[in-house]
Amino acid sequence: MDQPKLERLLRLMKLLTANTTYNVDQLAERLQMSRRTVYRYIDTFREAGFVIKKSGDCIRLDKESPHFRDISQLVHFTEEEAVILKNAIENIDDTNMLKQNLKRKLYSVYDNKTLADTVVRGKNAPNIRRLIEAIEQERQAVLHGYLSAHGGGVRDRRVEPFAFTTNYVQVWCYDLESHTNKLFKTSRIGSVELSEAAWEHQEAHSEGFIDAFRMHGGARRRVRLELGTLAYNLLCEEYPLAERDVKPLGRGRWSLDTEVAGMAGVGRFVVGLLDDIRIVDSPELTGYIREYIAANAPKM
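Computed from a prediction, not measured in an experiment: that's the story for all the values here.

Chemist: What is the right way to read the sheet that holds strand β4 (residues 139-147) from this model?
Modeler: With antiparallel pairing, five strands are arranged side by side in an open sheet as β7-β6-β5-β4-β8. Edge positions in the sheet fall to β7 (180-185) and β8 (191-198), since each has one partner strand and no second. Here the average twist between neighbouring strands, direction ignored, is 45°. In terms of strand pairing, strand β6 (residues 170-175) meets β7 through six bridges, oriented antiparallel. By the bridge assignment, V171 is partnered in β7 with F184.

Chemist: Is there a simple way to explain unusual backbone geometry in this structure?
Modeler: The phi angle of most residues is negative, glycine excepted, and most peptide bonds adopt the trans form. Phi is positive for H179, close to 60°, though the residue is something other than glycine. Structurally, the position occupied by H179 is in the loop between β6 and β7. Since its relative accessible area comes to 48%, H179 is described here as partly exposed. Of note in this structure, R214 is not a glycine but carries a positive phi near 70°. If you trace the backbone, R214 turns up in the loop between β9 (209-210) and β10 (216-217). Judged by relative accessible area, which is 43%, R214 ranks as partly exposed.

Chemist: I tried to follow the pairing of β6 on my own but got confused; where do I start?
Modeler: Successive residues of a regular strand alternate their side chains across the two faces of the sheet. Summarising burial for β6: six of the six residues are buried, a large majority. With burial as the criterion, each face of β6 is covered, one bearing Q170, W172 and Y174 and the other bearing V171, C173 and D175. Both strand β5 (residues 154-164) and β6 contribute to a ladder of five bridges, which runs antiparallel. By the bridge assignment, P161 is partnered in β6 with C173. Hairpin connection between β6 and β7: a loop of four residues separates the two successive antiparallel strands, and H179 in this loop has a positive phi of roughly 60°.

Chemist: Whenever I open this one, the packing of helix α2 (residues 24-31) against helix α3 (residues 35-47) confuses me. Can you help?
Modeler: What describes two packed helices is the angle between their axes and the distance between those same axes. In contact at an axis separation of 9 Å, α2 and α3 are set at 105° when each is read in the N-to-C sense. The orientation of α2 relative to α3 falls into the category roughly perpendicular. On the side of α2, the interface is formed by V24, D25, L27 and A28, while α3 contributes R35, V38 and Y39. In terms of residue class, the contact of α2 with α3 is built from five nonpolar, no polar and two charged.

Chemist: Looking at this structure, how should I read α2?
Modeler: Among the residues of α2, V24, L27, A28 and L31 are the ones counted as buried. Buried residues in α2, looked at end-on, bunch into an arc of 100°, giving them a common side. Q32 occupies a position one or two residues after α2 and carries a positive phi of about 55°.

Chemist: Would you explain the pairing of strand β13 (residues 253-260) in this entry?
Modeler: Of the two faces of β13, only one is covered, namely that formed by W254, L256, T258 and V260; the face formed by R253, S255, D257 and E259 stays uncovered. As judged from the seven bridges shared by strand β11 (residues 221-227) and β13, these two strands associate in the antiparallel manner. Bridged to R221 within β13 is V260.

Chemist: Is there a simple way to explain the side chain of H201 in this structure?
Modeler: Position of H201 relative to the elements: it lies in the loop between β8 and β9. Here H201 is in contact with E160, Y174 and L176, once residues within four sequence places are set aside.

Chemist: Just checking my understanding: could you explain the confidence of the model for the protein for this structure?
Modeler: Atomic detail in the predicted coordinates should be set aside for any region of low pLDDT. Mean pLDDT for the protein: 81, with 78% of residues reaching 70 or above. Across residues 72-76 the pLDDT falls below 50, and counting only partners more than four positions away or on other chains, this stretch makes five contacts in the model.

Chemist: So what exactly am I meant to see when it comes to the environment of N127 here?
Modeler: Among the secondary structure elements, N127 is positioned in helix α8 (residues 124-137). Between the alpha carbons of N127 and S191 there is a distance of 6.0 Å; along the sequence they are 64 residues apart. When residues no more than four places from it in sequence are discounted, the contact partners of N127 are I189, G190, S191 and V192.

Chemist: Explain the sheet that holds strand β1 (residues 22-23) here, please?
Modeler: Two strands in a sheet stick together by hydrogen bonds in their backbones, pointing the same way (parallel) or opposite ways (antiparallel). Strand order in the open sheet formed by three strands is β1-β3-β2, with antiparallel pairing between adjacent strands. Of all strands in the sheet, those with a lone pairing partner are β1 and β2 (52-55), marking the two edges. Alignment of β1 against strand β3 (residues 58-61), held across two bridges, turns out to be antiparallel. Bridge assignment links Y22 to a residue of β3, and that residue is I59.

Thresholds applied
- Residues numbered from 1 in each chain as written.
- Predicted model: local features only at pLDDT ≥ 70, side-chain atom pairs only at ≥ 80, totals over all residues.
- Heavy atoms only, no water.
- Pairing = 2+ DSSP bridges.
- Helix = DSSP H or I, 4+ residues; strand = E, 2+ residues; numbered from the N terminus.
- Axes fitted to C-alpha atoms, helices over the stretch in contact; angles between N-to-C directions.
- Buried < 20%, exposed > 50% of the residue type's maximum accessible area, 1.4 Å probe, protein only.
- Parallel < 35°, antiparallel > 145°, perpendicular 65-115°, else oblique.
- Contact = heavy atoms within 4.5 Å.
- Nonpolar A, V, L, I, M, F, W, Y, C, P; charged D, E, K, R; others polar.
- Arc of directions from axis to C-beta.
- pLDDT = per-residue confidence, 0-100.

Now the structure itself:
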């Protein structure tokens, strides 16, 4: 099999085993291939012995297929080994993407949900386990005592959880009250109660855009900055995903050309380094920073 075809097969396998489900049209669009090719690749999986599951017009690979069980047995950790790995991973700086990716991979190769007690810190572990169950069983859940970041209010939220962000810090849910997809921070959840009700809005489930500064939203806005050495180093340390959008300009200067979901994340970063950052072509960011400085200037 040629490398491009193998790469497309692996990308399709990743989508078909993700927490979010897709129909053929969505798969074709994401992989930039025809519906006919998607069906042909799915037939390839079926002929290779994988179990194909359908829910409405959505298709996925059953993780209980013998091949998945065989693969999971190649890398298996006892609970004691998981504790040792967890302790080693925790020694890596929180802003390092390596730490986040290692935690996610540890989840992906370990079937027992008790791993949440060792990989996810303390009190969050039971909530993470219940959210995993809600996603796998396609059930609604109630987030009891959720502390909102806006206004600090605490109340229950009835949702359909369907995907986690990196490191299980946040969970994507369809909010049954607002009828929109939202991110909920797992550390702000008091407790999670699984409902007997199944998902009712699966076709509306969609992971939104999260920028390099960990802000999320529906719109994307372009930001271009010129960074000095200090700003560049701090950017790479605090926001590792931003490094992929950085290019060297020479003489200790770098260019950041990226998309953001809003101005708050990048704005706070720039405000702390105004002497080492030049805004190249982002009038909206310039306006945000002016308002931020005016609002937070000490009153005489």
